[in-house]
Amino acid sequence: MGFRNRDIISILDFRREELEELFSVVDEMRKNPSAHSSALSGYLMATAFFEPSTRTRLSFQTAMLRLGGSVIDMAEVQRSSIAKGENFTDTIRMLDAYSDVIAIRHKIDGSARYAAEIAENPVINCGDGKKNHPTQAMLDLYTVKTLKNRIDGLNYGILGDLKYGRAAASLILGLALFRPERIYLISPESLRVRPEVREHLENSGVDYVETTRIEDCISELDVLYVTRVQKERFPDPSEYERVKGSYRLTLDILRAGKEDLVVLHPLPRVDEIDFKVDDSKYAKYFLQAKLGVFVRMALLKLILRG
Amino acid sequence: MEEELLIRKIREGTVIDHIPAGRALKVLSIIGLTGGEGMVIALVMNAPSQKLGRKDLVKIEGRFLAPREVDKIALIAPSATINVIRDYKVASKRKVELPDVIKGLLKCPNPDCVTNQPGEPIDSLFKTISRSPLRLVCQYCGEAVSEEEVMGLLTKG
C-alpha cells in the first residue's frame, strides 16, 4: 500500500518497508530542501486541533508552508463552531470540503479513525486520546536512524508515563516493527504500558524489561526517550512526590550512561529533563524537533502527490 | 430428547437449543423477552447434553428472530442452534455464527471511545479476534472485550 491518499491513523497501520520508504524521502528533502519548495503549491491543509498543541500543529504548518502549500487553521474550540454545539462529524465534513488534507488532534480515543471514515480526503492523526500519535513515532524513529545509522540492534529506554502517554506508546509500537536489541520500559508501577501494548511486544517477539528506576538500566542504553510523568495522573499526591525524583533526568544520572547515548523527548519539556542536560552531548531533542518538520514534509508530499 | 418429556412441542416459533448451561435467561433477556409479553415460552436449564455435558434450551411460541438478534445470541451462546418451527415441524435449523465484524450490538467499555460520544452518528464496531475464548477489539479505540464483559455491554434493541 503506497502513501498516496492514505490516512495516517496509527503506527500499526504501517510496515517497516513503508517507513523506510518514507525515511528515504526525508533524507532526500534534507539534502536539497529548496528543490521541494513548490512541491505542494496549490494544495491546502486544514489543521483541526481540538486539544491544545503548539509543537505538532506548528510543525505540520511549517512543513506544509515549506512545500509551497497553504494552511487553514480551525480556531480553538472556544472560538469555533464547536462552541455553538456543532458535532465532530459535521466539523470534519466541513473541513474536508474546504481542504485537501486534514491534520487532526482530539482527546477522544478513535476520533482520528472516525474522521478518516467521514472525510473523503486523507486525515493525519496528530494525536487522539491516549493511544496514537503516529507521526511522532515516525519522526522519533527517523531521528534514531539519523543519529545512529540504524534502528535495529539498539537498546532503548522509554521513560515516563507509558500508560497514558500516546507519544511513548506509539514509539514502543513503532519499535516493534524493527528489531531492537531490548526495550527498557521505565515508569512508576501505576503508569506501566497498557496490556495491549505489552501483548503487541510479545507477539512481535521484542525483548523488553519493565523497571521503575532509570539507574538500573542507564548503562545499557543507546537511546533514552524521556516523557513527562504528570502529577494529575496520580490519585495520591504523596505517591507523586515520592517517585518524581526518579523521573527527572540529570547529568549525574547520564554520567553512568554510554558515551554515545542519545536523549530524545517529544517536547514540550517541563522539568523532566534538567536544563543543564541541554548543552550536553547527549541532548538531541531539539534536533529531533527540527527533523520532525522534514518527516512531516515528506509525509505530506507522499500523501498528496505520491 | 429428555426435554420433550418436560415440555410440549410448539406450533409456530423458535427453538434455541444448545445454549451453554445457565445462560437461557440471558438469551431471553438480550432478545427483549421478559415473560410479560404474553407468548408461551418454555425454558429448560441444565439439561443433560451429549455435546455440552449440560445445556439450556428455550422454546418461544409465535416469535421469530431477526438476524441482529441471532448475532447477539452468538455473542453469549456461541454453541446455540436456532430451529424455526412451522406447523410443529422444524422448517430450518442452523448454528449461530459470530460474524467477523460486529456493528452496533455492543457498547464499547472505554468511556473515552469516539463511539460513546453523545450527538455523533456513529455505531460501535468490533472485530472478532478470537472465538474461543471470545475476544473482540473495538475498531476505533482498540479496547479489548472478553467473554465475561460482553453481557453487560450488549445494546438495547
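Residues numbered from 1 in each chain as written. Chains lettered and ligands numbered in written order. Predicted model: local features only at pLDDT ≥ 70, side-chain atom pairs only at ≥ 80, totals over all residues. Heavy atoms only, no water.

**Comments concerning the sheet that holds strand β8 (residues 134-138) of chain B**
Strand pairing in a sheet relies on backbone hydrogen bonds. The paired strands run either parallel or antiparallel. Residue and element names in this part refer to chain B. The four strands lie next to each other as β6-β7-β8-β9, forming an open sheet whose pairing is antiparallel. Pairing within the sheet leaves two strands with one partner each, and these edge strands are β6 (101-103) and β9 (144-146). Each strand axis lies, on average, 30° off the axis of its neighbour in the sheet, ignoring direction. In this structure, β6 lies alongside strand β7 (residues 125-131), joined through three bridges in antiparallel fashion. Directly across from I102, in β7, lies its bridge partner F126. (Pairing = 2+ DSSP bridges. Helix = DSSP H or I, 4+ residues; strand = E, 2+ residues; numbered from the N terminus. Axes fitted to C-alpha atoms, helices over the stretch in contact; angles between N-to-C directions.)

**Digging into the packing of aromatic side chains**
In this structure the tally under the stated criterion is six aromatic pairs over all chains. A centroid spacing of 6.2 Å and a plane angle of 80° characterise the contact between A:Y114 and B:Y140, whose relative ring orientation is edge-to-face. Taken together, the positions of A:Y114 in helix α4 (residues 111-118) and B:Y140 in the loop between β8 and β9 put the pair across two chains. Neither residue differs from the other here; A:Y114 and B:Y140 are each classed as buried. (Phe/Tyr/Trp six-rings, centres within 6.5 Å; stacked < 30°, edge-to-face > 60°. Buried < 20%, exposed > 50% of the residue type's maximum accessible area, 1.4 Å probe, protein only.)

**Re the nonpolar core**
Grouped burial of nonpolar side chains is what soluble globular proteins tend to show. Formed by 63 residues in total, the largest nonpolar core has its most connected members in A:L22, A:M138, A:I158, A:I183, A:L185 and A:L300. Broken down by element, the residue count for this core peaks at eleven residues, all from helix α10 (residues 285-305) of chain A. Structurally, this core is a two-domain feature, drawing no fewer than three residues from each of domain 1 (11-132 + 291-305) and domain 2 (134-289) of chain A. Not counting residues within four places of it along the chain, the set of residues in contact with A:I183 comprises A:Y156, A:I158, A:L175, A:L201, A:V206, A:D207, A:Y208 and A:V209. Judged by nonpolar contacts, the second largest core, of 57 residues, contains B:L33, B:V114, B:I122 and B:C141. (Core = buried A, V, L, I, M, F, W, Y, C linked by side-chain atoms within 4.5 Å. Domains from an automatic or database assignment. Contact = heavy atoms within 4.5 Å.)

**Re the interface of chain A and chain B**
Residue-level contacts link 13 residues of chain A with 15 residues of chain B. Buried surface at the junction of chain A and chain B, both sides included, amounts to about 1100 Å², of which 45% is carbon and sulfur. Of all residues in chain A, A:I108, A:D109 and A:Y114 give up the largest surface area on contact with chain B, accounting jointly for 39% of the area buried on that side. At the surface where chain A touches chain B, the tally comes to three salt bridges. Measuring nitrogen to oxygen at the nearest pair gives 3.5 Å for the salt bridge that ties A:K131 to B:E143. Of all the secondary-structure elements, those providing two or more residues to the side of chain A that touches chain B are α3 (88-98) and α4 of chain A. The element contributing the most residues to the side of chain A that touches chain B is α4(A), with four residues. Of the residues that constitute the side of chain A that touches chain B, the class distribution is three nonpolar, four polar and six charged. (Buried area = accessible area lost by both parts, 1.4 Å probe. Salt bridge = Lys/Arg side-chain N within 4 Å of Asp/Glu carboxyl O. Nonpolar A, V, L, I, M, F, W, Y, C, P; charged D, E, K, R; others polar.)

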